Amino acid sequence: MPGEAAANNSFSGRAEAPVIQAQHIETVYLASAPTPQRPAWTLPARPAGLVGRDRERTGLLALLDPARRAAAPGVVCLTGPGGVGKTALALDTAYDVRARGWYPGPALYVDARAHRSDRIDGAEALLGALLRQLGLPGDQLDRHRAGLEGQLRGTLAAEPQGCLIVVDDLADADLLGSVIPADGRHRLLVTLRGSPGRDDVSEVRLPGLGPDAARLLLADLSGRAADDPLVAEVAGLCGELPHALRLAASRLAEPDDAVQNFLAILRQPEERPAELGLVPLYDASLALLDAADARMLHLLTLHPGTEVDTAAAAALAGCTVPEAGRRLRQLCASHLLEQSGTPDRVRCHDLLWQYARSRCTAVESPAEVTAAEHRLVQHYAAHAPDADDGWLEREWRTLVLVVAMAARLGRCDVVSALAAGLIDHLTGQARTVDALSVLGHAVTAAHQRGEHGREAALLTEMSRQYHGVQRAREAAVCAEAGHLVHIRMGVLSPDMDDALAEHAAAQGDAHAAVHHRDRAARGWRRRGHLARYAVSLYGLGCGWDDLGEPGRAARAYARSLAAAEAARDVRAAARACHALAAGAAARDAHDEAADHLTRGLDLARRTDDVRTTVALLNRLARARLDARRTDDAVELLDTALRLTDAYRLRQLRTSVLDLEADLLKSLATAADRAAEACERDAETAVEEHVVRCEREWFGRPRGAGRTAQVGTSEREGDATTEGAAPDTSDDPSEPAWWEVGAASSDRPDHRAWVREAERSPAVVAKRDAAARLRRQTDGLLARAAKAEEERGRRRQEEGAEHVPEPPVLRPNHHLRSVFARTTALPGCALLWSMAWVVHDWFQDARRPVTALLYLGLTVAAVWAGRRVWQRSRGTHAGDVLALCVHRCHPAAGAALLAYAAALTGARLTVLGAAVLLAAQTAWDLWPVVRHRMRPPAGVGAVRPSS
């Protein structure tokens, strides 16, 4: 009121109810505060197209089952890499849980958005989001984490029914401690990329989809057929990741031109992560790593193999092995890597590897990348000398790629160190394409290091391997290059004869092959190399076989076996046993052949020579088949086929399929004959039963029992059996039944006897056996037809596999030296001597004899040099004469020059001839001197294969 004192009120503390302050209040209307609404359902829509997750869904349901409240923790954590489909599986499982009525209380869903820019940071934000969904107003939320945790526990305790809480894409596992329900009636389902690292949390790891499930998911989402080749290709290019498959499905629904453009981009490995929308996911995952772990992931992509062990990772990162192990475990816990078989080996998903490789190129400096690659190749080179067969078998794929990396880096020492044992292992395991790749790099490295002996041996081995895959042109190129290297070396080694023998055998010249193999065998025997002596003898036996001399071939094989056993070369001994068995089989000495085959198979199985093992199994199976031991033959062929499949031996598999088809056909023929025999036995049994019944019927008194049988026949409605039959009556005076009229009632029921015989157990058993054998025959013939079809397809596919080209330069880098030794210098000497002859003829026609002698000596030296270095085939006397002329012509030439100088006084002419003679002699003899003083490194490091 006017004139009254103004009211002065003060308030303190918390306001628990509405407060009204005014000078004069007439009417007050207070509305009650609205009751907070607790939503019963905040889950997003159920995802569509979830396939291939039955096992993981079953595991999640078992952990979320309320019946296991006491046994299972209150938190179930679904972990896995980005894009693997954790959110879809969690939501699908939540819908199943609600449908079962396990948690009838509110179903809450919070997207933590850990890998997005608007993510929920900190426990306070996460707790606040849950409390607001539980109906607590924002102005009533506590400001501190402890208070929020207490409010969450109190709110959940006040819920009359159990709740299911889904927290998707949680950033940090440490936040789980704040949201774990204290009340056992509730369950918390969390998706997390890393490992939770808590004992009170049940973890379910989610792997990628399998090939079939990925194809079905893509077909379901895109509306295409599951057997469409395009669906299978896109599913493989998507790395079987559900996130990538869902995006690809939307792209496959576009017009055909857009689909082809999308497919063309996917076929470029470096473009796949960006095209499939995986870069943001991977960026967010790497953002959670520290700098050392991120660097380790980047450098791991420099490893050429699919798996990396801890020692190789330490070499790449330039750290200790324990530190590398800790880094790898952290990356595995973040699901950026996964263990591969053993704890010290990890691998990376293909799409993540492509992403990390691009990040390595962008982040790491070129110098650091190069240094890491050098450390890696040096690491493998250090382990190569002490490598055993187990290490080589485990690492051979990686080693092939490391050899290529070392060649690219120019580390010829590493290439030589790795190739020494790897080539032997790959050739023994019949991995021809990989062996040729390593051989090519090793040849280049040997040439760059000046190891011409090793270069020649490697080229010879390459020629053998090319012959093994029916590449005659490449084999001839390598053989020619190896021959040139031998000529440049200037050393008359048996290696050259072995190479020439193989080249001659490939050209079909068996006589030349035998000639060179015999020279090589004698050379290796003089040098005491028993292993190489055994190989040359084996080739000599093959040459005698080609010439149709089995006796000489058998003696050569026997000597090869003895030399191989003396040298303890098990592989060469196995090959010799195989050859001896073939010769014994050709002589029809089957017992001797079986003994050789059994012995050779035992030797081959002790080595890693798969080709010889398969060849022995094939021949032993044929021997068992000839001996009618089909079960043993089938078992041996199955073993051979498994080996050819495991090692991709196309040609050997074709030969095994040939034998399998023959075996199946012979088995089918035998089964068909057995079925015919069973049918004949059944027919014979029926006939015998009918004859016996006729004897019994005609042996009874007339009319006794016949009317009853005829009545039975009439009741059954059987027709009279007509036709001639032998007289089986005991009384010759009694007429036979067929002499009785057709309408007579006194006749036997022949068909009833036949039916009775056919229902007998013996006949039924024979009929069943015949039917079973007929079905077996049909099955064997079908298998034989399938084997022949596969054999034809294999023969058409032979040569389709990419085989590396030989590392032979054009023009060949040894050609100048060879041309100078065999043609240029002798040609110059020949021209000079002819000029000398003409000069002396015009100066003094009475004394051209010395010049003519020098001319003849020069011609003889040219012939001898070419014969010695090119090793032309000829008689032994011709070889001895050529070698003597080649070695002695310098002395004879020097004597002629001295005589000419004393006789004619033409010092200038004689001096020119002497210079050319000295140059030619030095050029021919220097390689021998160099070989004696310093043998080329690496000669003989490659064990030859036959």
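Residues numbered from 1 in each chain as written. Predicted model: local features only at pLDDT ≥ 70, side-chain atom pairs only at ≥ 80, totals over all residues. Heavy atoms only, no water.

**With respect to the overall build of the chain**
Rule in force here: Secondary structure elements are taken from DSSP: a helix is a run of H or I of four residues or more, a strand is a run of E of two residues or more, and numbering for both begins at the N terminus. Remark: exposure states derive from per-residue accessible area (1.4 Å probe, protein chains only) relative to the maximum for the residue type, with buried under 20%, exposed over 50%, and partly exposed in between. Note on contacts: a residue pair qualifies if any of its non-hydrogen atoms lie within 4.5 Å across the two residues.
Tallying secondary structure elements over the chain gives 37 helices and 8 strands in all. Counting the 946 residues in the chain, one finds 46% classified as buried. In the chain, the share of contacts with a sequence separation of at least 24, taken over all contacts with a separation of at least 6, comes to 69%.

**Overview of helix 1 (residues 54-64)**
Since the α-helix turns once every 3.6 residues, residues separated by three or four places project in the same direction. The condition is simple: For this quantity, the arc is that covered by the directions from the helix axis to the C-beta atoms.
Within the span of helix 1, buried status applies to E56, R57, L60, L61, L63 and L64. Seen from one end, helix 1 has its buried residues packed into an arc of 160°, which puts them on one side. Seen from the open side of helix 1, the exposed residues pointing more than 90 degrees away from its buried face are D54, R55 and T58. Close packing links the buried residues of helix 1 with strand 1 (75-79), helix 2 (86-100), strand 4 (187-192) and strand 5 (201-205).

**A word on the sheet that holds strand 7 (residues 338-340)**
Pairing between the strands of a sheet is mediated by backbone hydrogen bonds and can be parallel or antiparallel. What counts, and what does not: Two strands pair under a simple rule: DSSP has to find at least two bridges between them. Helix axes are fitted to C-alpha atoms over the stretch in contact, other axes to C-alpha atoms as well, and angles between N-to-C directions run from 0 to 180 degrees.
Strand order in this open sheet of 3 strands is 6-8-7, and the pairing throughout is antiparallel. Only two strands of the sheet have a single partner each, and these edge strands are strand 6 (307-309) and strand 7. Pairs of neighbouring strands in the sheet enclose a mean axial angle of 55°, with direction left out of account. As defined by bridge partners, strand 6 adjoins strand 8 (residues 342-347) across 3 bridges and the pair is classed as antiparallel. Looking at the pairing, E307 lines up with R347 of strand 8.

**A few points about the sheet that holds strand 4**
Strand order in the open sheet made by the 5 strands is 2-3-4-1-5, with parallel pairing throughout. Of all strands in the sheet, those bounded by a partner on one side alone are strand 2 (107-111) and strand 5. Adjacent strand axes in the sheet meet at a mean angle of 15° when their direction is disregarded. Examined bridge by bridge, strand 1 and strand 4 share 5 bridges and lie parallel to one another. Pairing of C77 across the sheet is with V190, part of strand 4. Strands in contact with helix 3 (residues 122-133) are strand 2 and strand 3 (164-170); relative to strand 2, the strand with the most contacts, it is inclined by about 145°.

**Here's the deal with the pairing of strand 2**
Most of strand 2 sits inside the fold, with 4 of its 5 residues counted as buried. Judged from the 5 bridges that link them, strand 2 and strand 3 form a sheet pairing that is parallel. Directly across from V110, in strand 3, lies its bridge partner V167.

**Concerning the environment of A371**
You can see A371 is positioned in helix 16 (residues 366-383). A371 sits in the partly exposed class, given a relative accessible area of 29%. Each C-alpha atom, one on A371 and one on A315, is 10.0 Å from the other, the two residues being 56 residues apart in sequence.

**What to know about unusual backbone geometry**
Despite not being glycine, D169 has its phi angle at roughly 60°, a positive value. For D169, the position within the fold is in strand 3. Exposure remark for D169: the relative accessible area of 17% places this residue in the buried category. The phi angle at D588 is positive, at roughly 65°, despite the residue not being glycine.

**With respect to the packing of aromatic side chains**
Quick note on the threshold: Planes of paired rings set the category: under 30 degrees apart is stacked, over 60 is edge-to-face and the rest tilted, where pairs are Phe, Tyr or Trp rings (Trp by its six-membered ring) whose centres lie within 6.5 Å.
Applying the stated criterion across every chain, the model contains 2 aromatic pairs. When the ring of Y282 is compared with that of Y355, the centres are 5.3 Å apart and the planes differ by 45°; the resulting orientation is tilted. On the criterion of sequence distance, the pair formed by Y282 in helix 11 (residues 279-287) and Y355 in helix 15 (residues 350-363) is long-range, its members being 73 residues apart. The exposure class assigned to Y282 is buried, which follows from its relative accessible area of 5%. Ring geometry for Y538 against Y557: centres 5.7 Å apart, planes inclined by 45°, an arrangement best described as tilted. One end of the pair, Y538, is in helix 24 (residues 530-546); the other, Y557, is in helix 25 (residues 550-567), and 19 residues separate them in sequence. Y538 gets classed as buried once you look at its relative accessible area, which sits at 15%. Y557 sits in the buried class, given a relative accessible area of 4%.

**A look at the nonpolar core**
What counts is decided by this rule: In these notes, a set of buried Ala, Val, Leu, Ile, Met, Phe, Trp, Tyr and Cys residues joined through side-chain atoms within 4.5 Å is what counts as a nonpolar core.
With 117 residues, the main nonpolar core has L218, V234, L276, L300 and L337 as its most contacted residues. Element by element, the count of residues in this core is highest for helix 17 (residues 389-409), at 10 residues. Judged by nonpolar contacts, the second largest core, of 45 residues, contains A521, Y538, L597 and L601.

**Some words on helix 9 (residues 256-266)**
Among the residues making up helix 9, those that are buried are V259, F262, L263 and L266. In a view along the axis of helix 9, the buried residues occupy a sector of 100°, so they form one face of it. In helix 9, the exposed positions that point more than 90 degrees away from the buried face belong to D257 and N261. At its buried positions, helix 9 is contacted by helix 7 (229-237), helix 8 (242-252) and helix 10 (272-275).

**Here we look at the pattern of salt bridges**
Cut-off, in case you're wondering: We count a salt bridge whenever a side-chain nitrogen from Lys or Arg sits within 4 Å of a carboxyl oxygen from Asp or Glu.
Considering all chains together, one arrives at 37 salt bridges under this definition. As a salt-bridge pair, D92 and R46 come within 3.0 Å of each other at their nearest N and O atoms. Highlighted residues: D92 in helix 2 and R46 in the segment before helix 1, separated in sequence by 46 residues. Bridged by salt links that share partners, the residues R46, D54, R57, D92 and D96 form one connected network.

**Details of the packing of helix 12 (residues 291-300) against helix 13 (residues 310-317)**
Selection criterion: Angle categories are assigned with fixed cut-offs, so that under 35 degrees is roughly parallel, over 145 is roughly antiparallel, 65 to 115 is roughly perpendicular, and the rest are oblique. Amino acids are sorted into nonpolar (Ala, Val, Leu, Ile, Met, Phe, Trp, Tyr, Cys and Pro), charged (Asp, Glu, Lys and Arg) and polar (every other residue, Gly among them).
Closest axis-to-axis distance for the helix 12/helix 13 pair is 9 Å, and the angle between their directions is 105°. Looking at the two axes, helix 12 sits roughly perpendicular to helix 13. Listed contacts from helix 13 to R295, M296, L299 and L300 of helix 12 are A313, L316 and A317. Grouping the amino acids of the contact of helix 12 with helix 13 by side-chain chemistry returns 6 nonpolar, no polar and 1 charged.

**Some remarks on the side chain of S463**
For the record, the criterion: Polar contact is the term for a pair of N or O atoms within 3.5 Å; when the atoms are in protein, one must be able to donate a hydrogen and the other to accept it, and sequence-neighboring residues count only if both atoms are side-chain atoms.
Along the chain, the position of S463 falls in helix 20 (residues 452-468). Using a relative accessible area of 3% as the deciding quantity, one classes S463 as buried. A distance of 3.2 Å separates a polar atom in the side chain of S463 from the backbone oxygen of A475. The contacts of S463, once residues within four sequence positions are left out, are A475, C478 and A479.

**Notes on the pairing of strand 8**
Here 3 bridges tie strand 7 to strand 8, and the two strands are oriented antiparallel to one another. Note on strand 8: the bridge partner recorded for S340 is T342. From the end of strand 7 to the start of strand 8, which pair antiparallel, there are 1 residue, and G341 there has a positive phi angle of about 80°.

**With respect to the confidence of the model for the chain**
This is how the line gets drawn: Confidence scores per residue from the predictor, reported as pLDDT, run from 0 to 100.
Across the chain, pLDDT averages 76, with 73% of residues at or above 70. Ignoring residues within four places in sequence, the model shows residues 30-35, a span with pLDDT below 50, making 1 contact including any to other chains. Across residues 701-745 the pLDDT falls below 50, and counting only partners more than four positions away or on other chains, this stretch makes 44 contacts in the model.

**Overview of the side chain of R431**
Examined against the element boundaries, R431 turns out to sit in the loop between helix 18 (412-428) and helix 19 (432-448). A distance of 3.4 Å separates the side chain of R431 from the side chain of E393, its partner in a polar contact.

**Details of the state of the cysteines**
For the record, the criterion: Criterion for a disulfide: a pair of cysteine sulfur atoms at a distance within 2.5 Å.
The final tally for this structure, using the stated rule, is 0 disulfides. With no disulfide of its own, C332 lies closest to C348 among cysteine sulfurs, the gap being 10.0 Å. By relative accessible area, which is 14% here, C332 ends up buried.

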